[in-house]
Amino acid sequence: MNYLTDLHAYSEKSFGDGYLAENVLFEKYIECGYKTVVLIYKIEFNDDQSVFQASIDHMFKTNETLAEKYKGRLNVLLGAEFNTCDNDFLIYGAEKSDLYKLNNYCGDWVTDYREELNHKKVLVVQAHPAKVGGRLLEDHNVDAFEVYCGDERFNSNNSFTEKYCEKYQTHGILLTSGSGYFGEDSKPSGGIITDFEIKTSSELVAAIINGSFKLLGSKLSPSRKFKTELHCHSSEISGCSSVKAKDVVDKYIKNGYSTLVLTNHLNTYGKTPDEYRRRVRRMFEVCHEAKMYAGDRLNVIPGVEVNIQSEDYLIIGVTEEFLYDEVNFSKEEVSEFRKKVNAAGMLLICAHPMRFAHVIFDYRDVDGIEVYNGHPEHNSNNDLVALECAAKKDLGLILTSGTDHHDGHHKPNAGILTDYPITNGKELVDVLKSKEYSLIKNGYGVSL
Ligand SMILES: [Zn+2]
Ligand SMILES: [Zn+2]
């Protein structure tokens, strides 16, 4: 079942003369199949705090009366709007006492309002951010952007906002949609579609935070995006890395990742089986320690970058048991090794296939290609790899992206974006196979 909720509606009583009367407005919503509407009230600051509080009280009283009147036909929730520094901001989930305090911030930048409100899970959303005269907040100091606004009186530049939001979803921005104003002869066009009826403001806030809805007027998926790093080294195992696994963990938490795959180097050249196995054991120990250190702050998943016939490959979903008996893989044919990898439910990905202008061998030997490698000191010819992968699209290769983090000054700038956090190797294999993810390149999300 689908339920429609408009997050941005104005009426005569909520916004003043010139807006549709409630009986006209709400009948239109009911006629168009909406179950819930958030009526936006104008916050008018006042030098006298008691006058201001009285206006807030009046707002709640008005909405209570309307909600009661339309009970059973339409849920009427209360939202509010304030304007500061030439931008409009919507507030969802506020109680009276939350709004009382806003008078102190009259004219201040939105950061101050947000700090006051966020403690109680009240959301501050920038309305029609790209509307002429407004500007998108580059410091992202709001909880969400209204990616679609259907207000007929002006151009909201919705497609511009959409492009911007797609790019910055890696920064944890939430998305909303709303009609804004529509005239007497027109219909509501914005809002969200949920599979449950939104009856209270706290249900609304939870839905926006979880991204559990479809947006009207935008193709973007509102789900919060989770970042996974697929290519990262640590100094305990990889001699070429200068950062300990714990510090890597701290860094990825700071950079907003939800999952880190530790892919230290491994080969079998010149190693006795015993030497090799000791290294494998140590590799998984380091990963386990990092996982314990991270706790519930970051999912740490074991991975590996193996070298076969002088080329590097990542094994996705790798386990200690699998590697334990592969004491001679570096000298095997890639295609043969891949069969074993696949039989164990794992994927073999060619890492930075054109680094130092390496010519790519046969794509059919691998499950996928690291189409973006973020190592700043190595030229991985990412653009050429992307072109090559586009040309070979028919092969159905899995495309991945990884920072190849080695050193303190390397900035996490790659990986994948998913709708759910990835917690283990099996989930990672499944999500890559499903192709339901986006790539992060150079710090930004891009479609596959
Ligand atoms: Zn390395
Ligand atoms: Zn590497």
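Not measured: the values here are computed from a predicted model.

Brief notes about the overall build of the protein
Helix and strand counts for the protein stand at 13 helices and 19 strands. Taking the principal axes of its C-alpha atoms as reference, the protein extends roughly 85 × 45 × 40 Å. Sorting the 448 residues of the protein into buried and exposed places 46% on the buried side. Sequence separation of at least 24 residues holds for 69% of the intrachain contacts in the protein that already meet a minimum separation of 6.

Here we look at the domain arrangement of the protein
Partitioning the protein into structural domains gives domain 1 (3–215) and domain 2 (226–446). For domain 1 versus domain 2, the distance between C-alpha centres works out to 43 Å.

Considering the packing of helix α8 (residues 245–254) against helix α9 (residues 273–294)
Packing of α8 against α9 brings their axes to within 9 Å, and their N-to-C directions diverge by 45°. As far as their axial angle goes, α9 and α8 are oblique. Both α8 and α9 take part in a crossing whose hand is right-handed. Packed against α8, whose contacting residues are A245, K246 and V249, the element α9 presents V286, E289, A290, Y293 and A294 at the interface. Looking at the contact of α8 with α9 residue by residue, the classes come out as six nonpolar, no polar and two charged.

Structural notes on the pairing of strand β11 (residues 259–266)
Most of β11 is tucked away, with seven of its eight residues classed as buried. In this structure, strand β10 (residues 226–229) lies alongside β11, joined through two bridges in parallel fashion. By the bridge assignment, T228 is partnered in β11 with T259. Examined bridge by bridge, β11 and strand β12 (residues 299–308) share eight bridges and lie parallel to one another. Within β12, the residue paired with V261 across the bridge is I301. Handedness of the β-α-β unit built from β11, α9 and β12 comes out right-handed.

Things to note about the nonpolar core
In terms of nonpolar packing, the biggest core is built from 61 residues, with V249, L260, V300, Y313, I315 and I349 touching the most fellow members. In terms of residue count, the dominant contributor to this core is α9 (eight residues). Apart from the residues lying within four places of it in its own chain, the contact partners of I315 are G303, V304, V306, V341, M346 and L348. Formed by 56 residues, the second largest nonpolar core is a distinct cluster that contains L25, V76, L78 and V124.

Conventions used here
Residues numbered from 1 in each chain as written. Chains lettered and ligands numbered in written order. Predicted model: local features only at pLDDT ≥ 70, side-chain atom pairs only at ≥ 80, totals over all residues. Helix = DSSP H or I, 4+ residues; strand = E, 2+ residues; numbered from the N terminus. Buried ≥ 20, exposed ≤ 12 C-beta atoms within 10 Å, placed from the backbone. Contact = placed C-beta atoms within 7 Å. Domains from an automatic or database assignment. Axes fitted to C-alpha atoms, helices over the stretch in contact; angles between N-to-C directions. Parallel < 35°, antiparallel > 145°, perpendicular 65-115°, else oblique. Left-handed = near helix turned anticlockwise from the far one by under 90°. Nonpolar A, V, L, I, M, F, W, Y, C, P; charged D, E, K, R; others polar. Pairing = 2+ DSSP bridges. Right-handed = clockwise from strand over helix to strand, strands pointing away. Core = buried A, V, L, I, M, F, W, Y, C linked by C-beta atoms within 7 Å.

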